[in-house]
Amino acid sequence: MADGRETEKVRLHSPPLGELCDVLQTGLKNNFAEVQVSVVECPDLTQEPFRFPVTGLCGKPRITDVGGVPYLVPLVQRHKEYNMNSVSKEVELPGAFLLGAGAVASRIVGMNAELMPLVLTEAEGRPAVNGSYWSSINPADGQCLQEKYSDKFSDCNFGLLANLYACEGKPGQVIEVRAKRRTGAESLVGALRKTLEAHYPDKSLALGGTFVIQKGKAKIHIMPREFPVCPLHTNDDVNSWLKHFEVSAPLICQSVLVSRDPGLDLRVEHTHCFSHHGEGGHYYIDTTPDTVEYLGYFMPAEFVYRIDRPQETHVIGRE
Ligand code: ZN
């Protein structure tokens, strides 16, 4: 795939769901006033507010990190383009459901933009179902313009980078996370990740899934339509190039997080959100800690696949 290295595969530590619940319940208490983590039957994700193309998050859970920020900065490498159907084969799960955070294929969309992937990839006798959203900067007013991907484009391509959770999209048991009123400095994703890192210091764990910010607001960014014309060399350079917004609940967020990089040059957390009121993009953290309410569903991944890992790398722009 693409012109980089061979896909690398590493087995992750995937403890029983009950054990993970206890660990996350204890850890999240350091960051939220009210926390309830339990093992539940995954709700039907074809229903509101998710409207996913599959019912659940279960069946051969795995994650992949495709490309990377080094293909975006210091200067864009426009030829870095991938396809969700090919990715499903690279992660040894053809026909997989994929969700997560990425960038659009600028060659197809005609601009740079955020991608919120939600794709049931093609399988024998069944075409792909692309339920993704994408967000760009509206040239009319400089605000967020979120659209359903399939309203304009019929392909399953993306560009530059993506962090994806893959599974068979089946119903089954998942970890439910309920958290209210943020008392710590970490985002929900950061709190989950650092809890796992602290409890399993010598192991690599990953979670993928979806969570809803039910009440409150969140800080997001959207990449400009034009790629940087001058090289971006620092986090400050990247942050002043990105456009930042405060957006409102309900926001449906797709997340991939890794407790500890097993030496694959991974982005250890990446979350994109969409909404049914036209706002969406790259999630950082809620901006309303006193009133925020989260409800999420996650699964531990059994494997991580590193696809087209950049040969020349750096740690800029991974927030
Ligand atoms: Zn992002």
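Everything that follows concerns the structure shown earlier in this document.
In this text the structure is predicted, and so the values were computed from the model without any measurement. (Residues numbered from 1 in each chain as written. Predicted model: local features only at pLDDT ≥ 70, side-chain atom pairs only at ≥ 80, totals over all residues. Heavy atoms only, no water.)

Draft legend 1. Spotlight on the coordination of the zinc ion. Looking at the metal site, the zinc ion is ligated by His-270 (NE2), His-272 (NE2) and His-282 (ND1), spaced 2.1 Å from it. Note on His-270: relative accessible area 3%, which makes it buried. (Donors = N, O, S within 2.8 Å, 3.2 Å for Na, K, Ca; no water. Buried < 20%, exposed > 50% of the residue type's maximum accessible area, 1.4 Å probe, protein only.)

Draft legend 2. Fine view of the packing of aromatic side chains. Across all of its chains, the model carries 12 aromatic pairs by this definition. Following the ring pairs from residue to residue traces out a cluster consisting of Phe-32, Phe-211, Tyr-283, Tyr-294 and Phe-298. The side chain of Lys-9 reaches across the aromatic face of Phe-303, ending 4.5 Å from its centre. The lysine or arginine in question, Lys-80, covers the ring of Tyr-71, its NZ or CZ lying 4.5 Å from the ring centre. (Phe/Tyr/Trp six-rings, centres within 6.5 Å; stacked < 30°, edge-to-face > 60°. Lys NZ or Arg CZ within 6 Å of the ring centre and 35° of its normal.)

Draft legend 3. Just the layout of surface pockets, in detail. Here the largest pocket is characterised by a volume of approximately 260 Å³. As for the largest pocket, its lining consists of 13 residues, of which Ser-187, Glu-269, Tyr-283, Tyr-284 and Glu-319 are closest to the centre. Looking at the lining of the largest pocket, the elements with two or more residues in it are β17 (269-274) and β18 (281-286). Per-element tally for the lining of the largest pocket: the top contributor is β18, with four residues. (1 Å grid on protein atoms, 1.4 Å probe; cavity = no way out; pocket = protein on both sides within 12 Å on 5 of 7 lines; lining within 4 Å. Points joined across faces, edges and corners; volume = space filled by probe spheres on them. Helix = DSSP H or I, 4+ residues; strand = E, 2+ residues; numbered from the N terminus.)

Draft legend 4. Expanded view of the sheet that holds strand β14 (residues 217-222). Spatial ordering of the open sheet is given by β2-β12-β19-β13-β16-β17-β18-β14-β15, a layout of nine strands whose pairing is antiparallel. Where the open sheet ends on each side, the last strands, each with one partner, are β2 (32-41) and β15 (243-248). Strand-to-strand, the axes of this sheet are offset by a mean angle of 30°, without reference to chain direction. Inspection of the sheet shows strand β13 (residues 206-215) paired to strand β16 (residues 251-258) by eight bridges, in the antiparallel sense. (Pairing = 2+ DSSP bridges. Axes fitted to C-alpha atoms, helices over the stretch in contact; angles between N-to-C directions.)

Draft legend 5. Main features of the side chain of Thr-271. Tracing the sequence through the fold places Thr-271 in strand β17. What makes Thr-271 buried here is its relative accessible area of 3%. A polar contact of 2.8 Å, which involves the side chain of Thr-271, links it to the side chain of Ser-255. Thr-271 has contacts with Ala-101, Val-189, Phe-211, Cys-253, Gln-254, Ser-255, Gly-281, His-282 and Tyr-283, leaving out every residue within four places of it along the chain. (Polar contact = N/O pair within 3.5 Å; in protein donor to acceptor, adjacent residues only side chain to side chain. Contact = heavy atoms within 4.5 Å.)

Draft legend 6. Inspection of empty space enclosed by the protein at higher detail. All told, the structure shown has five cavities of 30 Å³ or more when counted by the stated rule. Computed from the structure, the largest cavity encloses a volume of approximately 180 Å³. Together, 19 residues line the largest cavity, and Leu-72, His-221, Leu-242, Arg-267 and Gly-317 are the ones closest to its centre. Elements supplying a minimum of two residues to the lining of the largest cavity: α5 (235-241), β17 and β18. Broken down by element, the residue count for the lining of the largest cavity peaks at four residues, all from α5. Of the residues in the lining of the largest cavity, the class split is eight nonpolar, eight polar and three charged. Considering only enclosed or pocket space, the second largest cavity measures out at about 70 Å³ in volume. (Nonpolar A, V, L, I, M, F, W, Y, C, P; charged D, E, K, R; others polar.)

So yeah, pure geometry; function would need other evidence.
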